[in-house]
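Examination of the molecular architecture
Okay, here's what each chain looks like letter by letter:
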Amino acid sequence: MVKKFKLVDSHPNFVELEEKLLKSWDKNNIVKKYLKKNSKSKKKFTFLDGPITANNPMGVHHGRGRTYKDLWQRYYTMRGYKQRYQNGFDCQGLWVEVEVEKDLRFKNKKDIEKYGVDKFVKKCKSRVEKYATIQTEQSKRLGMWMDWDKSYFTMSDKNNYTIWNFLKICHQRGWLYKGHDSVPWCPRCQTAISQHEMLTEDYKEVSHKAIFFTLPIVNQEKEYLLVWTTTPWTLPANIAVAVEKTFDYSLVKVKSGYKYWLLKSLVKKVLGDDVVKILKTVKGSKLIGLKYHTAFDSLPAVDKIAHQNPSNFHLVIATDKLIMPISKDEGTGLVHTAVSAGTEDYKLGKKLRLPLIPVIKDNAEYFKGFGSLSNKNAKKHPELIFNYLKKSKNHWIYKIHHYTHRYPACWRCKTELVWKVTDEWYINMDKKDPTDPKGQTLRQQMISTTKKVNWIPGFGLDRELDWLKNMNDWLISKKNRYWGLCLPIYECKKCQTYQVIGSKEELKEKAVEGWDEFKNHSPHKPFLDKVKIKCENCGQVISRIEPVGNPWLDAGIVPFSTLPKDWFPADFITEAFPGQFKNWFYSMLVMSTVLKKTNPFKTVLGYESVVGEDGRAMHKSWGNSIEFNSGAKRIGVDVMRWMYAQTPPTSVLPFGYKKGDEIRRLFILILWNSYRFFITQSNLNNWSPDGKNSSAKIKSTHILDKWILSRLENTTIKVTKSLDKFYSAPATLALEKFVNDFSTWYIRRSRDRTNAYQTMYHCLIVLTKLLAPFMPYISDIIYKNLTGKNSVHLTDWPKADKSLIHLTLEENMKKAREVVEKIHAQRKQKELKVRQPLAKVTIIGKSFGKSNLHQVILDETNIKNLEFTGENKDLQVILDTKLTPVLKAEGQARELIRQIQKLRKKKGTDLDQEIEVELPNWPKDFEAYIKEKALIKTLTLGQELKIK
């Protein structure tokens, strides 16, 4: 008895099919079998997962990277490689703290301390565990097969203590130091934001009030420096005004009688019709050394610094082009320099040994000593400065105007940043390595390490090198925060020295207080802070420093905290590259260069971001953000994965349901209908691969079979080469073209050939294997029905049989299809339906292929004879449109068959059920043909078309 295939729905609900299969995988332990498939293999493929932040449910934007991760792990599993399948969760840091603060309705860090640091840390850990569980289930729905019971967490003891070891080595090489600097600062989170964390996407297009303000020059009546700033809150911190020595500056008299110095090329742009006369023009070098007054000189905090620094306070200085280049296009060419309130300002001030005036607290309120400004928030209330200047009788304001520009915001809470002076901990990039034979710096070593990596896309190398060459020292501390890596730095306030602890064992050995309270806890606040040690220099009992670590330390150490030595370095990593050049890629390169002096990964695939269908970044407030479960429920996971895979990594992906519906309609349904046709026809004709029709080796001599098998083998080669190079988009294109050829040409021309079933079956089996890494659901659904076996994901990757490749045949078939298109176009133009046979077609052009290829053309176009003539390169088609009585009768017969089949479908008649038909008339010469094609038992005369 021939075993029949399970019938296939013509309009399936793919989402329901996926959800049902997901349960089946779990019930039948398919994932566990997959994970163990290559456990004894000698070949290894090391994939290192960049940890997803366990802080919220996944969005569809997370699906792109997680699809890539699963795709290549599936591919290498089918290739027979042993793998680790370890997922990672990023756990510590400001991102989690901010969400917990929202849950607890906290407004600032004081609320945390009132609540209790211990309780707050537990809340953070609990949130991580909650969303790690949620994201695990979402990832499973995505079809991501990992060893979920062995996921790593960056909050783990092993991860934290491995970072301690790294920091101790940095300290031993003289790279770890405490720096006093003006840094970007979030006034809401009350912590520093490192240069690495200031991502392009966190700059917001905002409008601020900018000011052209005046500074009266000492001993010069009504002569002023005209200066411009977009950050008026920093004016009390002004120390100097910078000019470019080689630029031309003019003294300009305006209608009010005042005289202003500004860049000559900007006079018209800034002053416009207010200009009365340009009094003189000099090089910037002539202005250097001029002294001036500000509106804030009488404030105690400012006056104190002025008296301590009489020679280098409130004077014109020469800028350094490398530190603070001066624009010729905006402003006035004189730059307000607030040493305590700007990164470039601080660098220039440090070079010139200028003093500084600390102006704001951690929450951006002005310190005491600033008169009416004290204890008021500088960033929230910019009007404070304007009001202060307006109240004075002196001339301090020339013009206030709105200025739209890109301004940085906190990468987690999105609050606009300020700049303030603070002490933070850094890793030095430019101090020589005492252990390096060449005496290279860490920066130089990292550049060498980076060049060992295969960067995809190729510009990734240039982008990473550019970052490495221009970055500052790595700011690794986070002041005023609680949930994160406890930096193992113990500082002695008495003798100004510090020690770095490299392990838990070392801490236990050196502890003089608090060990018993800490020993059963993880190395987090507040319990670790109870442990005290003795200063090695003076014997004073000292405490650990207050800040926690930069969270990118947590992710950067994972090649060492998670990978066994024989799995290092990773063969492959992949993450979105807009921010990871500065963060994950960078932190791994730093830590691996320090610990191993080599690259931590061999190949990195960077990809662009996922945005809304409207092209904007996804945000809940904009209504274009889509939670992952919603996307999976609406269009299904296979559609989502195909959308991700077919997008080149250099392209931003606008995710939307219209695009998803298009993929389902133009690819998945074409594939499904091909599969459905095969199931239906093989069942009707009692064909089964398990019976005598089965063949291990395809041996068909039919030209269509030979062609589609050649196409299949070439597609296998293209997909394999593409995935070997870690590019998914070319592979999806090759698969789409094959499915289209298979459906719209091969099956179309083989509908009536029962001897084509073996080839169809073979093509579908191989196709499911090629699709398996991309579309885990539909590939498995088709494979299981065709074979009756457990899963396509437990099979091996197809090996191309080059003996089946016939490139000449493929090229000739392509030409044949071009001829068919031209014939169909002429039929349409002449209003001759394909059901109406024609006597002859003449092709002007060189003949190609064999006569049986010509027959394919005739069968497709319903023409009796074909003739080639001439040698034209461009094929031309001439149809013989004369219809003989016999041709007309055959056309009528074909039309009747169409009408009968349409009525059969309307009445729900089974495809293998014979019917009785009544007709008013039919061409008698074609009666047998009509009965055969429409499966008619009896054909009788009647007044209208009826079937029963």
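Residues numbered from 1 in each chain as written. Predicted model: local features only at pLDDT ≥ 70, side-chain atom pairs only at ≥ 80, totals over all residues. Heavy atoms only, no water.

**Topic: the overall build of the chain**
The helix and strand inventory of the chain stands at 30 helices and 34 strands. A globule of 948 residues ought to have a C-alpha radius of gyration of about 30 Å, yet the chain, at 37 Å, is considerably larger. Taken along the three principal axes of its C-alpha coordinates, the chain extends 120 × 80 × 55 Å. A buried classification covers 56% of the 948 residues belonging to the chain. With the model as given, the accessible surface of the chain reaches about 42700 Å², and the carbon-plus-sulfur share is 49%. Of the side chains in the chain, 160 bear a positive and 104 a negative charge, and the two mean positions are spaced by 1 Å. (Helix = DSSP H or I, 4+ residues; strand = E, 2+ residues; numbered from the N terminus. Rg over C-alpha atoms; globule rule 2.2 N^0.38 Å. Buried < 20%, exposed > 50% of the residue type's maximum accessible area, 1.4 Å probe, protein only. Areas by Shrake-Rupley, 256 points an atom, 1.4 Å probe, with all protein chains shown as cover. Lys, Arg positive; Asp, Glu negative; His and termini not counted. Charge placed at Lys NZ, Arg CZ, Asp CG, Glu CD.)

**Digging into the sheet that holds strand β19 (residues 489-492)**
Taken together, five strands build an open sheet; the order of strands is β20-β19-β23-β22-β21 and the sheet is antiparallel. Bordering the open sheet on either side are β20 (497-500) and β21 (511-513), each of which pairs with just one other strand. Taking the axes of each pair of neighbouring strands and ignoring which way they run, one obtains an average angle of 40 degrees across the sheet. Here four bridges tie β19 to β20, and the two strands are oriented antiparallel to one another. In the strand pairing of β20, E491 is matched with Y498. (Pairing = 2+ DSSP bridges. Axes fitted to C-alpha atoms, helices over the stretch in contact; angles between N-to-C directions.)

**Some points on the pairing of strand β6 (residues 203-216)**
One ladder, built from eleven bridges, connects β6 with strand β14 (residues 397-408); its direction is antiparallel. The residue of β14 that forms the bridge with S207 is T404. In terms of strand pairing, β6 meets strand β7 (residues 223-229) through six bridges, oriented antiparallel. Along β7, the bridge assignment pairs I211 with T229. Hairpin connection between β6 and β7: a loop of six residues separates the two successive antiparallel strands, and N219 in this loop has a positive phi of roughly 70 degrees.

**Structural notes on helix α28 (residues 851-861)**
Residues that lie three or four places apart on an α-helix share one face, since the helix turns once every 3.6 residues. Taken together, the buried positions of α28 are L853, H854, V856, I857, L858, E860 and T861. Looking at the buried side of α28, the elements it contacts are α23 (703-724), α24 (729-749), α27 (807-829), β29 (838-844) and β30 (863-869). Just past α28, the residue N862 takes up positive phi, approximately 60 degrees. (Contact = heavy atoms within 4.5 Å.)

**Notes on the sheet that holds strand β26 (residues 601-607)**
On the basis of which strands lie adjacent, the open sheet formed by three strands has the order β16-β26-β25 and parallel pairing. Pairing within the sheet leaves two strands with one partner each, and these edge strands are β16 (454-456) and β25 (570-576). Ignoring strand direction, the axes of neighbouring strands in this sheet form an average angle of 15 degrees. The pairing of β25 with β26 spans six bridges and is parallel. Bridge pairing links E575 to G606 in β26.

**Quick notes on the packing of helix α7 (residues 157-172) against helix α19 (residues 584-595)**
When two helices pack together, their arrangement is given by the angle between the helix axes and the distance between those axes. At their nearest, the axes of α7 and α19 sit 10 Å apart, and the two run at 65 degrees to each other. Relative to α19, the element α7 is oriented roughly perpendicular. As for how α7 packs across α19, the hand of that crossing is left-handed. Each of I163, N165, F166, I169 and C170 in α7 lies in contact with α19, whose residues at this interface are V590, M591, V594 and L595. Each residue belonging to the contact of α7 with α19 can be placed in one class, and the counts come to eight nonpolar, one polar and no charged. (Parallel < 35°, antiparallel > 145°, perpendicular 65-115°, else oblique. Left-handed = near helix turned anticlockwise from the far one by under 90°. Nonpolar A, V, L, I, M, F, W, Y, C, P; charged D, E, K, R; others polar.)

**Regarding the environment of K368**
Among the structural elements, K368 can be located in the loop between α10 (343-351) and α11 (383-391). Distance in space between the C-alpha atoms of K368 and R141 is 56 Å, their sequence separation being 227 residues. In this view, K368 contacts A301 and S374; residues no more than four positions away in its chain are not counted.

**Structural notes on the confidence of the model for the chain**
Averaged over all residues, the pLDDT of the chain is 93; the fraction at 70 or higher stands at 98%. Low confidence marks residues 692-696, where pLDDT is under 50. Its contacts with residues over four positions away, or in another chain, come to seven contacts. (pLDDT = per-residue confidence, 0-100.)

**A word on the pattern of salt bridges**
On inspection of all chains with the given rule, the structure shows 51 salt bridges. A salt bridge links K633 to E19, with the nearest nitrogen and oxygen atoms 2.9 Å apart. Of the two residues, K633 is situated in helix α20 (residues 628-635) and E19 in helix α1 (residues 14-27); the sequence distance between them amounts to 614 residues. A relative accessible area of 54% places K633 in the exposed class. In this structure, D741 and R817 form a salt bridge, with 2.7 Å as the shortest nitrogen-oxygen distance. Of this pair, D741 sits in helix α24 while R817 is found in helix α27, placing the two residues 76 residues apart along the sequence. Residues D741 and R817 agree in their burial class; the two are buried. It is possible to trace a salt-bridge network through shared partners that takes in E97, E101, R188 and R481. (Salt bridge = Lys/Arg side-chain N within 4 Å of Asp/Glu carboxyl O.)

**Let's talk about the packing of aromatic side chains**
By the definition in use, this model includes 60 aromatic pairs. Taking the centre distance of 5.9 Å and the plane angle of 85 degrees together, the rings of W95 and W552 count as edge-to-face. One end of the pair, W95, is in helix α4 (residues 94-103); the other, W552, is in helix α16 (residues 551-556), with 457 residues separating them in the sequence. Overall, the relative accessible area of 9% leaves W552 in the buried class. For the pair Y407 and W419, a centre-to-centre distance of 6.4 Å together with 80 degrees between the ring planes defines the contact as edge-to-face. In this pair, Y407 is assigned in strand β14 and W419 in strand β15 (residues 418-427), connecting sequence segments twelve residues apart. Taken as a pair, Y407 and W419 share a single burial class, namely buried. Feature note: the residues F45, F47, Y68, W72, Y75, Y76, Y81, F572, Y607, F726 and W797 constitute an aromatic cluster, connected by ring pairs. Cation over ring: K222 sits above Y258, and NZ or CZ is 5.6 Å from the ring centre. Note that K328 overlies the ring of F247, its terminal NZ or CZ placed 4.6 Å from the centroid. (Phe/Tyr/Trp six-rings, centres within 6.5 Å; stacked < 30°, edge-to-face > 60°. Lys NZ or Arg CZ within 6 Å of the ring centre and 35° of its normal.)

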